[in-house]
Each structure stands twice: as C-alpha cells, then as structure tokens.
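# Coordinate inspection notes
Residue strings, one per chain:
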Amino acid sequence: MDEHFLKKRFEDLERQAISGGVYRFTGFLSPGDAALCFDVSNGKYIKTWGGAKECERVMVRFGDADELGYECDFPIAIIRIRALNSKYAEPLTHRDFLGSLMSLGIERDTIGDIMIDKHKSTAYVFVNERIAGFVTENIDRIKNTTVMCERVKEIPEGLEPELKELRLIVATPRIDAIIARLYNLSRSASRVLFTSGMVLVNGKNCGNESLVLSVGDVVAVRGHGKFVYDGESKKTAKGNVSVTVRKYV
C-alpha cells in the first residue's frame, strides 16, 4: 500500500477515534506498514496486536481506554486448519495455506500470521473476526489434503518460529555492520536499507545506521529476513567483535 495513503488513513482513524469516542481498527498490516502509525501519532492513542506475541502481521487500534472509558478487544479470531488424516497428509507450507485462503476471494489484510506445526499438517491462522465463519465453512482442502477447520481460543505452547543461532565477526557492533555481515551485503548496500525505510527495530522504523543494538532487540529487514540480537561475546585478536544473533528460518 502507498505510504502516503497509509499515513493519511492512520490520521483519519485516529481523528475518528478521538472525535467519535470509539475505537477504530486497521486490517492486518506488515511490520513496516504498522510502524508508520508511530509517524502520525504520539503513541497514546495506538496499540498493535496480531493475536499472539509471536505474530508479525498486526492490526493497529486507535483509541485510548482512559479517555474512552472502556476497553475493546481486537477483532481477531484463530482458526485451526488440520489434516483429517495426518498420517497420509502431504507436508503443507505457508504458501499452500495462504493460497487456499486467498482463493476464497477475501482481502489480504483480513489474514494475519499463519503458524504451522512441526509435522506440516496443521496451521493456526489469525483472521479478522468478520470472516472467521466464512473461512471455516469454505476451506475443506489444502492442495490434495482434506482438512478440517475450527475456531480455537489460543495457539498451543511451543508453536513458535524456528530460529538459528549464528555468531558473526564484525568490525563494529553497529546495526549496519551486523546486517551487512548477516545478509552478505556491502556496507554501502546495508546503509541504503536505512534511508529507504527498510529496517525495523522492535517494530519501529530505524533510520539510524550507527545504532548499537541492545540484547533482545528484534530486527526486521524487508526483503531479507528477521533476527534477534543476543549481544557481544568477545573481541578478536584483530580487534573485531564477535556478536550472536538468532535468525528466523
């Protein structure tokens, strides 16, 4: 979605929430698009949520509970899609599940994250509440696998993205150096990502290429991937720095 249009949309939703005394919600947004809401709001009137703490795609809610006098849940439902006979089911990917959902003719922003279990036979899909019934009634097959859809209240424990721990040797612990090393980019190519608004730290746009990350920071680089920064471990004999990250795979 066009960045200018999206910012105007955020401004309108915040204005409606303040003047109308009601909460306003966006559809599901990518981390980069959701981060733009902080450019048009002071943060008091916004909250983001994707249905679980592990979610990347989130809705933005405009409205302050103290001023409105009440709370309001996000209109997010969780649908479990599982193979009827997992023993004979083919392994199913994120693309397979998303493709079947999109074939129903629904909008992309009504679908949040899709989390798949280790057996590749069951997915937990976060959707806008208003399409939950439609999805459960109309999805009965993913590729050649017959499936069953049902609403659930939460995802099971342990259903988290897979992360691979990596140790990187960099000249400096600056974020641009880490990104360049991790994704095999030149330092100049890494810097362009910051001026282009392609780097997010903890869900917010980061234009500071010299930023030194804190332990636990989550960095997303559009078109390249996402990682968690776990800090420095030691300096090398040549004066470089060894840092540890966990890369989403």
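These notes cover the structure that comes with them.

Reading the values: rules and limits
Residues numbered from 1 in each chain as written. Predicted model: local features only at pLDDT ≥ 70, side-chain atom pairs only at ≥ 80, totals over all residues. Heavy atoms only, no water. Pairing = 2+ DSSP bridges. Helix = DSSP H or I, 4+ residues; strand = E, 2+ residues; numbered from the N terminus. Axes fitted to C-alpha atoms, helices over the stretch in contact; angles between N-to-C directions. Left-handed = near helix turned anticlockwise from the far one by under 90°. Contact = heavy atoms within 4.5 Å. Nonpolar A, V, L, I, M, F, W, Y, C, P; charged D, E, K, R; others polar. Phe/Tyr/Trp six-rings, centres within 6.5 Å; stacked < 30°, edge-to-face > 60°. Buried < 20%, exposed > 50% of the residue type's maximum accessible area, 1.4 Å probe, protein only. Core = buried A, V, L, I, M, F, W, Y, C linked by side-chain atoms within 4.5 Å.

Take the sheet that holds strand β1 (residues 24–25) next. On the basis of which strands lie adjacent, the open sheet formed by three strands has the order β1-β3-β2 and antiparallel pairing. Unpaired on one side and paired on the other, β1 and β2 (46–49) mark the two borders of the sheet. With two bridges connecting them, β1 and strand β3 (residues 59–62) associate as antiparallel partners. Across the sheet, arginine 24 pairs through a bridge with phenylalanine 62, a residue of β3.

Viewed as axis vectors pointing N to C, helix α7 (residues 175–182) and helix α8 (residues 187–195) meet at an angle of 115°, and their least axial separation amounts to 9 Å. The crossing of α7 and α8 is right-handed. Residues Ile175, Asp176, Ala177, Ile179 and Ala180 of α7 form the contact with α8, whose own contacting residues are Arg187, Ser190, Arg191, Leu193 and Phe194. Per-class residue counts for the contact of α7 with α8 are six nonpolar, one polar and three charged.

A few words now on the packing of aromatic side chains. For the structure on display, the rule yields four aromatic pairs. Between phenylalanine 10 and phenylalanine 62, the aromatic rings sit 5.8 Å apart at their centres with planes inclined by 40°, giving tilted as the arrangement. With a gap of 52 residues between them, phenylalanine 10 in helix α1 (residues 3–20) and phenylalanine 62 in strand β3 connect regions that are remote in the sequence. Phenylalanine 62 sits in the buried class, given a relative accessible area of 0%. For the ring pair tyrosine 183 and phenylalanine 227, a centre distance of 6.5 Å and an interplane angle of 55° mean the geometry is tilted.

With that settled, the discussion passes to unusual backbone geometry. In this structure, lysine 143 takes a positive phi of about 55° despite not being glycine. Mapped onto the secondary structure, lysine 143 falls in the loop between β7 (141–142) and β8 (145–152). One non-glycine residue, asparagine 184, lies in the positive phi region at around 55°. Relative to the helices and strands, asparagine 184 is located in the loop between α7 and α8.

Further remarks concern the sheet that holds β8. Strand order in this open sheet of five strands is β5-β6-β4-β8-β7, and the pairing throughout is antiparallel. Two strands in the sheet have a free side with no partner beyond their single neighbour: β5 (111–116) and β7. Bridge count for β5 against strand β6 (residues 122–128) is four bridges, and the pairing is antiparallel. By the bridge assignment, methionine 115 is partnered in β6 with tyrosine 124.

Attention now goes to the nonpolar core. Ranked by internal contacts, the top residues of the largest apolar core, which has 21 residues, are Ile175, Ile178, Ile179, Val199, Leu213, Val219 and Phe227. For this core, the elements supplying multiple residues, two or more each, are β9 (163–170), α7, α8, β10 (199–201), β12 (218–221), β13 (225–235) and β14 (241–248). Sort the elements by how many residues they give to this core and α7 lands first, with five residues. Filtering out sequence-adjacent residues up to four positions away, isoleucine 178 remains in contact with Leu168, Val170, Pro173, Leu213, Phe227, Tyr229, Val243 and Val245.

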